[in-house]
Amino acid sequence: MTDFDSGSRLRPWQRTAAGAGLLSPDGVVAATIFAEMSALASRTDAINLGQGFPDEDGPAEVLEAAMQAIADGVNQYPPGPGMPVLREAIARHQRRWYGIEADAASEVLVTAGATEALAATILALVDDGDEVVTFEPSYDAYAALIARAGGVHRTVPLRFPDWRPDPDELTAAIGPRTRLVIVNTPHNPTGAVLDRDTLGLVVELAERHDAIIVTDEVYEHLVFDGTHVPIAALPGARERTVTISSGGKTFSTTGWKVGWLVAPAHLVTAILAVKQYLTYVNGAPFQPAIAAGLDLPDHVFADAAANLRAKRDVLAAGLVAAGFEISLPAAGYFIVADAAPLGFDDGAELCRRLPDLAGVVGVPISAFVHPERRDATRSLVRFAFCKRLEVLQDASERLAALGAR
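Residues numbered from 1 in each chain as written. Predicted model: local features only at pLDDT ≥ 70, side-chain atom pairs only at ≥ 80, totals over all residues. Heavy atoms only, no water.

## Concerning helix H14 (residues 389-403)
Counted only if it meets this: The helix count covers DSSP runs of H or I at least four residues long, the strand count covers runs of E at least two residues long, and both are numbered beginning at the N terminus. By definition here, a helix of n residues has an expected span of 1.5 Å times n minus one. Throughout this description, buried means an accessible area under 20% of the type-specific maximum (1.4 Å probe, protein chains only), exposed means over 50%, and partly exposed covers the range between. Think of the arc as the fan of directions from the helix axis to the C-beta atoms. Should any heavy atoms of two residues lie within 4.5 Å, those residues are considered in contact.
Relative to the 21 Å expected for 15 residues at 1.5 Å per residue, H14 spans 22 Å between its end C-alpha atoms, a close match to the ideal helical length. Among the residues of H14, those classed as buried are Val391, Leu392, Ala395, Ser396, Leu399 and Leu402. Projected down its long axis, H14 carries its buried residues within an arc of 135 degrees, all on one side. Those residues of H14 that are buried are in contact with strand E1 (47-48), helix H12 (298-322), helix H13 (347-358), strand E11 (360-361) and strand E13 (380-384).

## Points about the pattern of salt bridges
Defined as follows: The salt bridge definition used is simple: a Lys or Arg side-chain nitrogen within 4 Å of an Asp or Glu carboxyl oxygen.
Using the criterion set out here, one finds 21 salt bridges in the structure. Here glutamate 390 ties to arginine 388 by a salt bridge, and the two come within 3.1 Å at their closest N and O atoms. A relative accessible area of 45% places glutamate 390 in the partly exposed class. Connected through shared salt-bridge partners, Asp55, Arg388 and Glu390 make up one network.

## Notes on the environment of arginine 388
Structurally, the position occupied by arginine 388 is in the loop between E13 and H14. Each C-alpha atom, one on arginine 388 and one on valine 262, is 33 Å from the other, the two residues being 126 residues apart in sequence. For arginine 388, the residues in contact, after removing those within four places along its chain, are Asp55, Glu56 and Lys311.

## Things to note about the environment of aspartate 216
Note on placement: aspartate 216 falls in strand E6 (residues 212-216). Residues aspartate 216 and alanine 124, spaced 92 residues apart in sequence, show a C-alpha to C-alpha distance of 17 Å.

## Points about the sheet that holds strand E2 (residues 108-111)
Inclusion rule: One requirement defines pairing of two strands: DSSP has to find at least two bridges between them. Axis definition: a line fitted to C-alpha atoms, limited for helices to the stretch in contact. Angles are taken between N-to-C directions and run from 0 to 180 degrees.
As summarised here, the arrangement of the seven strands in space is E2-E8-E7-E6-E5-E3-E4, forming an open sheet in which the pairing is mixed. This sheet does not close on itself; its edge strands, each paired only once, are E2 and strand E4 (152-157). Ignoring strand direction, the axes of neighbouring strands in this sheet form an average angle of 20 degrees. Sheet topology note: the E2/strand E8 (residues 259-262) ladder contains four bridges and is antiparallel. Among the inter-strand pairings, valine 110 is bridged to a residue of E8, identified as tryptophan 260.

## Brief notes about the pairing of E8
A regular strand places its side chains so that they alternate between the two faces of the sheet. Taking every second residue as pointing to the same face, both faces of E8 are buried, with Gly259 and Leu261 on one and Trp260 and Val262 on the other. As paired elements, strand E7 (residues 241-246) and E8 share four bridges and run antiparallel to each other. The residue of E8 that forms the bridge with serine 245 is tryptophan 260.

## Considerations on the sheet that holds strand E9 (residues 325-327)
The strand order across the open sheet formed by four strands is E9-E10-E13-E12, and the pairing between neighbours is antiparallel. Each of the sheet's edge strands pairs with one partner strand only, and the pair in question is E9 and strand E12 (363-364). Where strand E10 (residues 334-338) lies against E13, five bridges are found, and the strand directions are antiparallel. Within the sheet, the bridge partner assigned to alanine 337 lies in E13 and is valine 381. Lying over the sheet, H12 contacts E9, E10 and E13, oriented at roughly 10 degrees with respect to E10.

## Observations concerning the packing of helix H5 (residues 84-98) against helix H11 (residues 286-294)
For clarity, the cut-off: Orientation labels follow simple angle bins: below 35 degrees gives roughly parallel, above 145 gives roughly antiparallel, 65 to 115 gives roughly perpendicular, and whatever is left gives oblique. For any pair of crossing helices, the crossing counts as left-handed if the nearer helix is rotated counterclockwise from the farther one by less than a right angle, and right-handed if it is rotated clockwise.
Relative orientation of the contacting elements H5 and H11 amounts to 20 degrees, with a least axis distance of 8 Å. When the interaxial angle is binned, H5 and H11 end up roughly parallel. When the axes of H5 and H11 are compared, the crossing they make is left-handed. In this structure, H5 uses Val85, Leu86, Ala89, Ile90, His93 and Arg96 to contact H11, whose residues at the interface are Gln287, Pro288, Ile290, Ala291 and Leu294.

## A short note on the nonpolar core
Rules: Among buried residues, those of type Ala, Val, Leu, Ile, Met, Phe, Trp, Tyr and Cys that are joined through side-chain atoms within 4.5 Å constitute a nonpolar core.
Core analysis: the largest hydrophobic core is formed by 96 residues, its most contacted members being Phe324, Phe383 and Leu399. Residue contributions to this core peak at seven residues, all from helix H6 (residues 113-125). Sequence-distant contacts of phenylalanine 324, that is, excluding residues within four places in its chain, are made with Leu319, Ala337, Asp338, Ala339, Leu342, Leu350, Phe383, Leu399 and Leu402. In this structure, Ala102, Trp256, Trp260 and Ala289 belong to the second largest nonpolar core, which totals 20 residues.

## Some points on the state of the cysteines
Joining two cysteines, a disulfide is a covalent bond between their sulfur atoms. Just so we agree on the cut-off: The disulfide criterion is simple: two cysteine sulfur atoms within 2.5 Å.
Tallying each qualifying case throughout the model produces zero disulfides. Here cysteine 351 is not cross-linked by a disulfide; its sulfur's nearest cysteine counterpart is in cysteine 386, at 16 Å.

## Some remarks on the UniProt feature "domain: Aminotransferase class I/classII large" (unreviewed entry) in the protein chain
Here is the rule: UniProt positions are given in the numbering used here, feature names are shortened, and annotations may be inferred rather than shown by experiment.
Taking the UniProt record as the reference, the feature "domain: Aminotransferase class I/classII large" (unreviewed entry) is found at residues 45-373. Annotated as 39% helix and 16% strand, the span residues 45-373 places its first and last C-alpha atoms 32 Å apart.

## Side note on helix H10 (residues 265-275)
Every α-helix winds through 3.6 residues per turn, so residues three or four apart in the chain are directed the same way. Leu267, Val268, Ile271 and Lys275 are the residues of H10 that are buried. In an axial view of H10, the angular spread of the buried residues amounts to 95 degrees, which keeps them on one side of the axis. More than 90 degrees from the buried face of H10, the exposed residues found are His266 and Thr269. Against the buried residues of H10 lie E2, H6, E6, E7 and E8.

## A word on the packing of helix H3 (residues 33-44) against H13
Convention followed: Amino acids outside the nonpolar list (Ala, Val, Leu, Ile, Met, Phe, Trp, Tyr, Cys, Pro) and the charged list (Asp, Glu, Lys, Arg) are all regarded as polar, and Gly is one of them.
Where H3 meets H13, the closest approach of the two axes is 10 Å, and the angle between their N-to-C directions is 10 degrees. What the angle tells us is that H3 and H13 run roughly parallel. Contacts between H3 and H13 involve Ile33, Glu36, Met37, Leu40 and Thr44 from the first element and Cys351, Arg352 and Pro355 from the second. Of the residues assigned to the contact of H3 with H13, the class counts are five nonpolar, one polar and two charged.

Okay, structure coming up:
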């Protein structure tokens, strides 16, 4: 009988995951709110603003490159670290946008999306009892992966509506037992962009306690004002940073699952030792296509951000008109709205009722925090605006029904 069956002898990672709300007390895998909301949208024919995937294709050059690669027979296993054409394009991308020099052969690793890069990194670098610090709310995979690695998850709260971390709380969270500090900027689910002072403090604390910085930068080209600042570009950070990103969000190809990481060679070697037993390799014809995308002119990236900003503004106006209080995101795919002014103090309950009330689906922010801290985000809901303008306009009109109650 397995530990899952017995319910009485959970493994350490299962006890950790249960404490984080990822498993039930007897070790049964908990259904995610994301799967629940997507199924609800499908069942009720509601507009799905819960999942963060675009409903429009990305640049034609990227799509055509994938089709050409398939036609050319690029359909078998690529090299384990990734195809040279993509690793070289990633190295050029880091130099072009941020002035970061990386050796394509030893310091770049292609992965099955950013999530696999995170998984391989956490599993490779975290041992039982090691502390891993993240900002919270946080992408749900972080807590699950930290638990599976046997790590201890420490969090630094980001608070609605400005989502700025308190420097004292950040300083208190990072200490001698800290192995990794995971920095997600631009941030999911809040759309916040961490300021340079916060990034500098992370570097200072990581140096002080000999911790490794892991960054999740998948929204790096979707910043609406200013430009993205990667933490690896700051003094003292490059030698202790694993930079993770992907092509899915930038080129609207989330289903391709082509991601990567850039790090010092010894860290890449350690991470590859784990990654090779996860997916092994992935996406052969999509790798040269993402490489082509990374070499596209600057205006393609600027246009993608500008188009997304326009969509943000449409949904933001609709949410405000419906009576929500919002936090206007500085980047990314999502906007966070407070339903309390409308009389809803439980975001999860509201999300389950929204299809009937307004024909729209969102995701409660409480799904992105540990159970014991959910009261602070109880009335908050995340909505995705990476959809066609007409879909967002329709959703805004439907949401107005809430304000008319």
